[in-house]
Amino acid sequence: MSDAQVDIEVSALGASSAVDKAAETQQLDDRHVGQTFGGGISPPYPPGKIASLQEANGTHAVAIRKKSVREVGFGFNIVPARHFREDKPDILDDESTDDEDEDEDDSEGPSESEYETVREFWYGPDKIWKIGPKGTPAATPTEVFEQARRDWHGIGWLAIEVIYGDDDTPQGLAHAPAVEIRVVKDDDASTSNPGHGSVAKAGHGYVQEEAGQKIYYGEAGDRGQGVDDEDRVYVDKFDGTIHDSIEECPNEPANEILFVPNPSPLAKYYGIPDWVAEIQTMVASQEAKRFNRQFFEFDAMPQYAVIVEGGRLTEESKQQIRDMVTRLRQNETRRVVTLEAEQIAEKGIDFEGDTSDVSIRIEPLSRQGEEDMAFTEFRRMNEHDVAKVHEIPHVLINRLESSNRANAREQIRDFTEEVIKPQQQAFAQRIYRVIHQRVLGVNDWTIEFETKTGDEQRQAEVSATRIQASDGSMYVNEAREELGLEPDEELDGVLLAELSDPSLGEVLTDEANGEPDGPDLNLPDELDI
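These figures come from a predicted structure and were not determined experimentally. (Residues numbered from 1 in each chain as written. Predicted model: local features only at pLDDT ≥ 70, side-chain atom pairs only at ≥ 80, totals over all residues. Heavy atoms only, no water.)

### Details of the overall build of the protein chain
- The number of helices and strands found in the protein chain is 16 helices and 16 strands.
- Burial analysis of the protein chain (529 residues in total) assigns 37% to the buried set.
- Sequence-distant contacts in the protein chain: of pairs separated by 6 or more residues, those separated by 24 or more amount to 65%. (Helix = DSSP H or I, 4+ residues; strand = E, 2+ residues; numbered from the N terminus. Buried < 20%, exposed > 50% of the residue type's maximum accessible area, 1.4 Å probe, protein only. Contact = heavy atoms within 4.5 Å.)

Below, the structure is given as structure tokens:
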């Protein structure tokens, strides 16, 4: 071999085409994202690509879904607005207070007619609720809110369409996909700023583009019942022009969009989701999963190299060795073979030149050992980081290693108080300010979202224990208060012990028979007193 020229050629064998890393992430790269839709201002991040991370990271997807459900998924109640629920300052000691005004203040309360307006809007049988375009199944207000909140957490803003009827009255709400909604750019978008270029300014309303079609929307409340006629604004559905009346619109008046961004100092017109700081963590976790998937796709065998010493294979020989490696992979008995030149020659595999000093062997390029289990810890820490940036307790993403019954409740309680409730209040206030006050013209009623802390069942058990321990000495209304029920005026001063008194027998019998004269006790059936 000392006189022979050794020519070594390195090539990938086994697969007909190389597995390219870029091809594995093509799903995210090939999507049409970050475009400036007709007349719209581009957001700081491509929303389609950001949304697709929910497909790539399960912890991220679960966190978004859990937060959305706990914020709005348990429904809501119509309640008096805050100024009716807060204690008013005591001014009755002022000697100048007029008795007539005092009586008038005492009699003031939330408007019943406004309540009927709100109730009809949220629960009316003829109202429209959609989580998709025309032709998709009917939905509920809770489903619309939940889908919108998923956009808010996953993309950075939400969009809810306010649907109007032919009579210019609101008829319901629909979820609008945030990935397609853009803030309209002002026609005169370039402002004079010598030496600093042009600055994009927001116009009025929003635009949606899909498959080359554009639809424009007004801003929620532009044409609402709470807006004076002379102040109403109508946006044309197809060209985005702004008008003072329906008749002036050259085509059709557009519906409106309630647009709620997740505020960020890095974005002026859009929001940015809180979890963007962990995008690299999600990508790294996806790469670890890709490595593991490829490892098992190749039957847990590492990549191999065919090493030729003292010669050079012909192209035909390379193909024959490819076939040999393929058969080796398919063989149930795993082994690494060493091929000598004489044996190869006997099999009809040709070499260029003298084969006397040529040897061939197949060796793995990498070895799978215990160090590869580091991916387990790596992914566990990545999962922790993603949950941390979402502020969601591990028990809600089914990571129970460090949780027990006691601290799990505490985690959920803190999560509800510090993360969920502030978002519920902010979103409910947005609904009140825009939908109730401007769209419906209602000032006295708002909505309040239900929430779950995990303590409801435990609190009910404690209340039942207290009631039973009173041995009948507790008043009925006190027991109702323990159970979270409203007091009943007809039961004022009635003790629980009196419920078994024979003198009340006729009253209880009348009530059981549905006669209106008896008091309605309204205690839960399962409470055995």
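### Thoughts on the packing of aromatic side chains
- All told, the structure shown has 16 aromatic pairs when counted by the stated rule.
- When the centroid spacing of 5.5 Å and the interplanar angle of 85° are considered together, the rings of F145 and F427 count as edge-to-face. Highlighted residues: F145 in helix α8 (residues 141-154) and F427 in helix α13 (residues 405-440), separated in sequence by 282 residues.
- Between F427 and F449 the ring centres are 5.9 Å apart and the planes differ by 15°, which places this aromatic pair in the stacked class. Highlighted residues: F427 in helix α13 and F449 in strand β16 (residues 445-449), separated in sequence by 22 residues. Each of the two residues, F427 as well as F449, counts as buried.
- Grouping aromatic residues by their ring pairs yields a cluster made of F76, F121, W122, Y123, W129, F145, F427 and F449.
- It is K452 that lies over the ring of F74; its NZ or CZ is 5.8 Å from the centre. (Phe/Tyr/Trp six-rings, centres within 6.5 Å; stacked < 30°, edge-to-face > 60°. Lys NZ or Arg CZ within 6 Å of the ring centre and 35° of its normal.)

### Looking at helix α4 (residues 58-72)
- For α4, spanning 15 residues, the distance from its first C-alpha to its last is 21 Å, which sits close to the expected 21 Å at 1.5 Å a residue.
- All buried positions along α4 are accounted for by T59, H60, A61, A63, I64, K67, S68, R70, E71 and V72.
- At the N-terminal boundary of α4, the capping side chain belongs to N57, with an oxygen 3.2 Å from the backbone nitrogen of T59. (Expected span 1.5 Å × (residues − 1). Polar contact = N/O pair within 3.5 Å; in protein donor to acceptor, adjacent residues only side chain to side chain.)

### Structural notes on the pairing of strand β3 (residues 157-164)
- Taking burial as the measure, the eight residues of β3 include eight buried ones, the bulk of the element.
- Relative to strand β10 (residues 256-261), β3 runs antiparallel, the two sharing six bridges. From the neighbouring strand, E161 faces β10, where its bridge partner is I257.
- As defined by bridge partners, β3 adjoins strand β4 (residues 170-176) across six bridges and the pair is classed as antiparallel. Within β4, the residue paired with I160 across the bridge is H175.
- Counting the residues between successive antiparallel strands, the hairpin from β3 to β4 contains five residues, one of them, D168, with a positive phi of roughly 65°. (Pairing = 2+ DSSP bridges.)

### So, unusual backbone geometry
- The backbone of D168 shows a phi angle near 65°, a positive value even though the residue is not glycine.
- As for its position among the elements, D168 is in the loop between β3 and β4.
- Owing to a relative accessible area of 10%, D168 belongs among the buried residues under this scheme.
- The backbone of E391 shows a phi angle near 60°, a positive value even though the residue is not glycine.
- Its location among the elements puts E391 in the loop between α12 (374-390) and α13.

### Examining the nonpolar core
- In terms of nonpolar packing, the biggest core is built from 30 residues, with W122, F145, I160, L173 and I435 touching the most fellow members.
- In terms of residues, this core owes the most to one element, α13, which gives seven residues.
- Residues I155, W157, A176 and F259 belong to the second largest nonpolar core, which totals 13 residues. (Core = buried A, V, L, I, M, F, W, Y, C linked by side-chain atoms within 4.5 Å.)

### Some details on a negative patch on the surface
- A cluster of acidic residues, E112, E116, E120 and D126, forms a negative patch at the surface.
- Inspection of the secondary structure puts D126 in the loop between α7 (112-123) and β2 (128-130).
- You can call D126 partly exposed: its relative accessible area is 48%. (Patch = residues over 30% accessible without salt bridge, like charges linked within 9 Å, V, L, I, M, F, W, Y side chains within 5 Å. Areas by Shrake-Rupley, 256 points an atom, 1.4 Å probe, with all protein chains shown as cover. Salt bridge = Lys/Arg side-chain N within 4 Å of Asp/Glu carboxyl O. Lys, Arg positive; Asp, Glu negative; His and termini not counted. Charge placed at Lys NZ, Arg CZ, Asp CG, Glu CD.)

### Some remarks on the side chain of H175
- Tracing the backbone through its elements, the reader meets H175 in strand β4.
- At 2.7 Å, the side chain of H175 forms a polar contact with the side chain of D151.
- Setting aside anything within four residues of it in sequence, one finds H175 in contact with K130, I131, V144, Q147, A148, D151 and A159.

### Some thoughts on empty space enclosed by the protein
- Tallying each qualifying case throughout the model produces one cavity of 30 Å³ or more.
- Of the residues belonging to the lining of the largest cavity, the class tally is two nonpolar, three polar and two charged. (1 Å grid on protein atoms, 1.4 Å probe; cavity = no way out; pocket = protein on both sides within 12 Å on 5 of 7 lines; lining within 4 Å. Points joined across faces, edges and corners; volume = space filled by probe spheres on them. Nonpolar A, V, L, I, M, F, W, Y, C, P; charged D, E, K, R; others polar.)

### Observations concerning the pattern of salt bridges
- Applying the stated rule across the entire model yields nine salt bridges.
- Residue E417 is joined to K421 by a salt bridge in which the shortest nitrogen-to-oxygen separation is 2.9 Å. Here E417 and its partner K421 are both found in helix α13, four residues apart, which amounts to about one turn of the helix.
- A residue is classified by how much of its surface remains accessible, and E417, at 41% relative accessible area, is partly exposed.

### Digging into the packing of helix α3 (residues 47-56) against α4
- For the pair α3 and α4, the least separation of the axes is 6 Å and the interaxial angle reads 105°. Judged by the inter-axis angle, α3 sits roughly perpendicular to α4. For the pair α3 and α4, contact is made by L53, Q54 and A56 and by G58, H60, A61 and I64, respectively.
- Class assignment for the residues of the contact of α3 with α4 results in four nonpolar, three polar and no charged. (Axes fitted to C-alpha atoms, helices over the stretch in contact; angles between N-to-C directions. Parallel < 35°, antiparallel > 145°, perpendicular 65-115°, else oblique.)

### Let's talk about the packing of α4 against α8
- Taken N-terminus to C-terminus, the directions of α4 and α8 make an angle of 135°; their axes are 9 Å apart at the nearest point. The angle between the axes of α4 and α8 places the two elements in the oblique class. As for how α4 packs across α8, the hand of that crossing is right-handed. Every residue of α8 that contacts α4 at I64, K67, S68, V69, E71 and V72 is listed here: T142, F145, E146, R149, R150, H153 and G154.
- Here the contact of α4 with α8 is built from residues that sort into four nonpolar, four polar and five charged. (Left-handed = near helix turned anticlockwise from the far one by under 90°.)

### Considering the side chain of H243
- Assignment of secondary structure puts H243 in strand β9 (residues 242-243).
- Side chain to side chain, H243 and T241 meet in a polar contact 2.7 Å long.

### With respect to the environment of L495
- Note on placement: L495 falls in the loop between α15 (476-482) and α16 (505-512).
- Distance from L495 to A479, taken between C-alpha atoms, is 9.5 Å for residues 16 residues apart in sequence.

Treat this as a map of the structure, not an account of what it does.
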